[in-house]
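Given next are the chains, with one letter for each unit.
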Amino acid sequence: MNSRQEQLEAFNRLLDIMNDLREKCPWDQKQTLQTLRHLTLEEVYELSDALLNEDLQEIKKELGDVLLHLVFYAKIGSEKGSFDIADVINSLNEKLIFRHPHIYGDVEVKDEEEVKQNWEKLKLKEGNKSVLSGVTKGTPSMVKAYRIQDKVKGIGFEFANAEDAWKKVDEELAEFHAETDLDKKEQELGDVFFSLINYARISGINPDTALERTNNKFIGRFQKMENLALDNNLILADLTLEEMDELWEEAKKTE
């Protein structure tokens, strides 16, 4: 691993390169906060894929891409006379110190849960008007539900255990099946999803990770089905559901 000095030199080189690109590269010169936004989201999703696969070399690569965007935003901020990378890092440092009084102060905690509870309380002291004010509108729905539940847990609004959380799932499922109006049925389905996410979270399962793994598993199996169909000179779209199901089962056996 690199020494602290080598790490600082690498970061300093990145800042120099960013300055060069912004000054000399036509593409980099044209970028704004808004033009970079969707590219940043793409890079974060690519990092997410690498994390799910636990591909360390790919994680290293994608972390670099995300870091480039962070430095780019800071560079644009400095050009606007608003902030630079040092302001970004110093602000982060002060926030971390303030929110970890059990490390940098005299507060004592017994476990991770108390750390999280203190974190949410300190955020309110910083000026947040609501425990949920940090949940952004653009967050994907499943991730947002998880974050909402995790945040309110920080002030004690939580089921006692996973068994109680599952009772809520059963309750919401019954309400969903009993509803006949389509609009209200959609609302009830949302309640079912929210309750399932809550149960998963309390059980120690990340529902977004679980669903993404299932997505990837389905893609893999379906593509094996397509290959099996090709090998047998079959057109998948022309097969009956029963015939496709046979290929599906055959694809599962190859895993």
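Once a new chain begins, its residue numbering starts again from 1 and follows that chain's sequence as written. Local features in this predicted model are restricted to residues whose pLDDT is 70 or higher, and side-chain atom pairs enter the listing and the counts only when it is 80 or higher, whereas totals over whole chains, interfaces and linings include all residues. Excluding hydrogens and water, the side-chain figures rest on all heavy atoms present in the structure.

**As for the side chain of Glu 188**
Right, on to step 1. Looking at the secondary structure, you find Glu 188 in helix H10 (residues 182-202).
Right, on to step 2. With residues near it in sequence (within four places) discarded, Glu 188 still touches Glu 172, Glu 175, Phe 176 and Glu 179. Strands are runs of DSSP state E lasting at least two residues, helices are runs of H or I lasting at least four, and both sets are numbered from the N terminus onward. In this analysis, two residues are considered to be in contact whenever any of their non-hydrogen atoms come within 4.5 Å of each other.

**Describing the packing of aromatic side chains**
Right, on to step 1. Stacked, tilted and edge-to-face pairs are distinguished by plane angle, under 30 degrees for stacked and over 60 for edge-to-face with tilted covering the rest, among Phe, Tyr and Trp rings (Trp via its six-membered ring) whose centres lie within 6.5 Å. What the rule picks out here adds up to three aromatic pairs.
Right, on to step 2. Aromatic pair Trp 166 and Tyr 199: ring centres 4.9 Å apart, planes at 65 degrees, arrangement edge-to-face. Taken together, the residues Trp 166 in helix H9 (residues 162-178) and Tyr 199 in helix H10 connect sequence positions 33 residues apart.
Right, on to step 3. Given the relative accessible area of 27%, Tyr 199 is considered partly exposed.
Right, on to step 4. Centroid distance Phe 218 to Trp 248: 5.2 Å. Interplanar angle 45 degrees. Geometry classified as tilted. Of this pair, Phe 218 sits in helix H11 (residues 207-231) while Trp 248 is found in helix H12 (residues 241-253), placing the two residues 30 residues apart along the sequence.
Right, on to step 5. The structure contains a cluster of three or more aromatic residues connected by ring pairs, namely Phe 218, Phe 222 and Trp 248.
Right, on to step 6. Sitting above the plane of the Phe 176 ring, Lys 185 keeps its charged end 4.2 Å from the centroid. For every residue, the accessible area (1.4 Å probe, protein chains only) is compared with the maximum for its type, and the residue is labelled buried under 20%, exposed over 50%, or partly exposed between those bounds. By the criterion adopted, a ring carries a charge over it if an Arg CZ or a Lys NZ lies within 6 Å of its centre and within 35 degrees of its normal.

**What about the domain arrangement of the protein?**
Right, on to step 1. Where a domain begins and ends is set by an automatic assignment or by a domain database. Splitting the protein by domain gives domain 1 (4-99), domain 2 (130-205) and domain 3 (209-252).
Right, on to step 2. Computed from C-alpha atoms alone, the centre-to-centre distance between domain 1 and domain 2 is 34 Å.

**A few points about a nonpolar patch on the surface**
Right, on to step 1. Patch building starts from residues that exceed 30% relative accessible area and form no salt bridge, then joins like charges within 9 Å and nonpolar side chains (Val, Leu, Ile, Met, Phe, Trp, Tyr) within 5 Å. The Shrake-Rupley method, run with a 1.4 Å probe sphere, supplies the accessible areas, and residue values consider only the shown protein chains as cover. Here a salt bridge means any side-chain nitrogen of Lys or Arg lying within 4 Å of a carboxyl oxygen belonging to Asp or Glu. Nonpolar side chains collect at one region of the surface, where Trp 166, Leu 189, Phe 193 and Leu 196 lie side by side and expose about 350 Å² of accessible area between them.
Right, on to step 2. As for its placement among the helices and strands, Leu 189 is situated in helix H10.
Right, on to step 3. Accessibility expressed as a relative area gives 30% for Leu 189, which makes it partly exposed.

**A short note on the UniProt feature "domain: NTP pyrophosphohydrolase MazG-like" (unreviewed entry) in the protein**
Right, on to step 1. UniProt positions are given in the numbering used here, feature names are shortened, and annotations may be inferred rather than shown by experiment. The feature "domain: NTP pyrophosphohydrolase MazG-like" (unreviewed entry), as given by UniProt, occupies residues 31-103 and 171-222 in the numbering adopted here.
Right, on to step 2. In this annotation, residues 31-103 is assigned 85% helix and 0% strand; the end-to-end C-alpha distance for the span is 40 Å.
Right, on to step 3. Between the end C-alpha atoms of residues 171-222 the distance is 34 Å, and the span holds 87% helix and 0% strand.

**Examining unusual backbone geometry**
Right, on to step 1. At Glu 54, a position not held by glycine, the phi torsion is positive, near 50 degrees.
Right, on to step 2. In this fold, Glu 54 is placed in the loop between helix H3 (33-53) and helix H4 (56-79).
Right, on to step 3. A positive phi angle, near 55 degrees, is found at Asn 233, a position not held by glycine.
Right, on to step 4. Within the secondary structure, Asn 233 sits in the loop between H11 and H12.

**Observations concerning the nonpolar core**
Right, on to step 1. Among the buried residues, those of types Ala, Val, Leu, Ile, Met, Phe, Trp, Tyr and Cys that are joined through side-chain atoms within 4.5 Å form a nonpolar core. Counting residues in hydrophobic clusters, the biggest one holds eight residues: Met 225, Leu 228, Ala 229, Leu 236, Leu 239, Leu 247, Trp 248 and Ala 251.
Right, on to step 2. Breaking this core down by element, the ones donating at least two residues are H11 and H12.
Right, on to step 3. Not counting residues within four places of it along the chain, the set of residues in contact with Ala 251 comprises Arg 221, Lys 224, Met 225 and Leu 228.
Right, on to step 4. In terms of nonpolar packing, the next biggest core, distinct from the first, is built from six residues, Leu 36, Val 71, Tyr 73 and Ile 76 among them.

**Focus: the packing of H3 against H4**
Right, on to step 1. H4 packs onto H3 with a crossing angle of 160 degrees between their chain directions and a minimal axis gap of 9 Å. As the angle between them shows, H3 and H4 are arranged roughly antiparallel. Crossing geometry of H3 relative to H4 is assigned as left-handed. Where H3 abuts H4, its residues Leu 33, Leu 36, Arg 37, Leu 39, Thr 40, Glu 43, Val 44, Glu 46, Leu 47, Ala 50 and Leu 51 lie against Glu 58, Ile 59, Glu 62, Leu 63, Asp 65, Val 66, His 69, Phe 72, Tyr 73 and Ile 76. Orientation is described by lines fitted to C-alpha atoms, with helices fitted over the stretch in contact, and by angles between N-to-C directions that extend from 0 to 180 degrees. Working rule for angles: under 35 degrees goes down as roughly parallel, over 145 as roughly antiparallel, 65 to 115 as roughly perpendicular, anything else as oblique. Left-handed is the label given to a crossing in which the near helix is rotated counterclockwise from the far helix by less than a right angle, and right-handed is the label when the rotation is clockwise.

**So, the pattern of salt bridges**
Right, on to step 1. Counted according to the given criterion, the structure contains eleven salt bridges.
Right, on to step 2. Lys 168 is the partner of Glu 172 in a salt bridge, and the nearest nitrogen-oxygen pair spans 3.3 Å. Here Glu 172 pairs with Lys 168, and both are found in helix H9, just four residues apart, close to one helical turn.
Right, on to step 3. A relative accessible area of 6% places Glu 172 in the buried class.
Right, on to step 4. For Lys 252, the salt bridge goes to Glu 249, with nearest N and O atoms at 3.9 Å. Of this pair, Lys 252 and Glu 249 both sit in helix H12, three residues apart, roughly one helical turn.
Right, on to step 5. Accessibility expressed as a relative area gives 33% for Lys 252, which makes it partly exposed.

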